[in-house]
Amino acid sequence: SQTIHQWPATLVQPVGSPLSLECTVEGTSNPNLYWYRQAAGRGLQLLFYSVGIGQISSEVPQNLSASRPQDRQFILSSKKLLLSDSGFYLCAWSRIQGFGYGYTFGSGTRLTVV
Amino acid sequence: QKEVEQDPGPLSVPEGAIVSLNCTYSNSAFQYFMWYRQYSRKGPELLMYTYSSGNKEDGRFTAQVDKSSKYISLFIRDSQPSDSATYLCAMSDLSGGSYIPTFGRGTSLIVHP
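Below is a short write-up of the structure. All chains use their own residue numbering, which begins from 1 and follows the written sequence. Chain labels run from A onward and ligand labels from 1 onward, assigned in the order the entries are written. Reporting in this predicted model follows two pLDDT cut-offs: at least 70 for local features of residues, and 80 or more for side-chain atom pairs to be given and counted; totals over whole chains, interfaces and linings ignore these cut-offs and use all residues. Excluded from the side-chain calculation are hydrogens and water; included are all heavy atoms of the structure.

1. A short note on the state of the cysteines
A pair of sulfur atoms, both from cysteines and within 2.5 Å, is called a disulfide here. The tally for this structure, following the rule as stated, stands at two disulfides over all chains. A sulfur-sulfur distance of 2.0 Å marks the disulfide that ties C23 of chain A to C91 of chain A. Between C23 of chain A and C91 of chain A, the S-S dihedral sits near -75 degrees, and the bridge is therefore left-handed. Of this pair, C23 of chain A sits in strand β3 (residues 19-26) while C91 of chain A sits in strand β9 (residues 87-94); the two residues are 68 residues apart in sequence, bridging distant segments of the chain. Pair check on accessibility: C23 of chain A and C91 of chain A agree, each one buried. One disulfide bridge connects C23 of chain B with C89 of chain B, the sulfur atoms lying 2.0 Å from each other. The sign of the -105 degrees torsion about the S-S bond sets the C23 of chain B-C89 of chain B disulfide as left-handed. A residue pair is termed long-range when its members are at least 10 positions apart, and C23 of chain B in strand β3 (residues 19-25) and C89 of chain B in strand β9 (residues 85-92) qualify at 66 residues. For helices the rule is a DSSP run of H or I covering at least 4 residues; for strands it is a run of E covering at least 2, with both sets numbered from the N terminus onward. Relative accessibility under 20% of the residue-type maximum defines a buried residue, over 50% an exposed one, and the middle range a partly exposed one, all with a 1.4 Å probe and only protein chains included.

2. Points about the interface of chain A and chain B
Should any heavy atoms of two residues lie within 4.5 Å, those residues are counted as being in contact. Counting residues at the interface gives 21 residues for chain A, matched by 19 residues for chain B. By buried area we mean the combined loss of accessible area, with a 1.4 Å probe, across both parts when two parts are placed together. Both faces combined, the contact of chain A with chain B buries some 1600 Å², and carbon together with sulfur accounts for 63% of it. Salt bridges are defined by distance alone: a side-chain nitrogen of Lys or Arg within 4 Å of a carboxyl oxygen of Asp or Glu. At the junction of chain A and chain B, the tally comes to zero salt bridges. Think of a polar contact as two N or O atoms within 3.5 Å of one another; within protein, one of them needs to be a possible hydrogen donor and the other a possible acceptor, and neighboring residues in sequence only count if both atoms come from side chains. At the boundary of chain A with chain B, the tally comes to two residue pairs in polar contact (both at pLDDT 80 or more). Secondary structure elements with two or more residues in the side of chain A that touches chain B: β4 (32-38), β5 (44-52) and β9 of chain A. Nonpolar residues are Ala, Val, Leu, Ile, Met, Phe, Trp, Tyr, Cys and Pro. Charged residues are Asp, Glu, Lys and Arg, and all others, Gly as well, are polar. When its residues are assigned to classes, the side of chain A that touches chain B shows 11 nonpolar, eight polar and two charged.

3. Topic: the pattern of salt bridges
All names here are of chain B. Throughout the structure, instances matching the rule amount to five salt bridges over all chains. Residue E45 is joined to R37 by a salt bridge in which the shortest nitrogen-to-oxygen separation is 3.1 Å. A residue is classified by how much of its surface remains accessible, and R37, at 15% relative accessible area, is buried. As a salt-bridge pair, D83 and R60 come within 2.9 Å of each other at their nearest N and O atoms. On the criterion of sequence distance, the pair formed by D83 in the loop between β8 (71-76) and β9 and R60 in the loop between β6 (54-58) and β7 (61-66) is long-range, its members being 23 residues apart.

4. Digging into the sheet that holds strand β8 (residues 73-78) of chain A
All names here are of chain A. Spatially, the four strands line up as an open sheet ordered β1-β3-β8-β7, and their pairing is antiparallel. If you trace the sheet from one side to the other, it starts and ends with β1 (3-7) and β7 (64-70), each paired once. Taken pair by pair, the neighbouring strands of this sheet meet at an average axis angle of 15 degrees, ignoring direction. Pairing between two strands requires that DSSP report at least two bridges joining them. For β1 and β3, the ladder comprises five bridges, and the chain directions are antiparallel. Within β3, the residue paired with Q6 across the bridge is C23. Note on geometry: axes are lines fitted to C-alpha atoms, helical ones only across the stretch in contact, with angles between N-to-C directions running from 0 to 180 degrees.

Below you can see the structure in the form of C-alpha cells.
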C-alpha cells in the first residue's frame, strides 16, 4: 500500500530564518507531487506541483521554492521566512495516469513564523 | 467570482440528523467531483469521488452532482459525533492532463450528542 510521510509536524521559526520541509511517498513510482498551504479560514492554496524528477511548476510567486531530487521525495524550502509564511503546509500525491484516485495528503506541517 | 463556492459554516446538528453539504461552481468544464474530510490538525482524506452527473452512495454518505445547475452535494445520513470535521469539495477537468483540482474553502460540521 502507498503511504506518504511529511515532517516535521510542527515548526516555530523566526522571521528571516531558512525553511526545509520534506515529503516522501512509499509504495508507488512516478507520482504527481504537490505542496499546498492552508491558512486559517481559507481554502487550500496550491504552491507547487511536480510530475517528475526535477520538474517543478509554481502556481504562486513568493519566497518559497520546491525541489524534487528523487522520484518520491518533494522538498519545500525558503531562504528567508516572512511572517506571512505561517500556515498549515500539506504535501499530497496522486497517480500520473488516469483519475479516480484523488489526492492522498500527508499529515501536514504547522508552521509558525515569529 | 471564485470558481468554487462553499459555505464555511459552522453547521451544527444533533446526532442522527441528515446533513447536507453543498458547493457551487462556475467552470462548466469540471468533470470530476470529490469530497474530502479533514479532521482538526490533520491532512484531508478523500471520502468520495464522482465523474460527471449523478449520484454515488457509500454507506452513510451520498454524493450528488447536478452539472446543469453547477451544484454538488454530500449527504450524511444518521450523522455521528465522529463525523465532526471540515468537509472540502474539490473538482477538476482535463486541463493539461494533470487533473489538478480546485478546492472549496470547506464547511465545518459539528455533530453534537
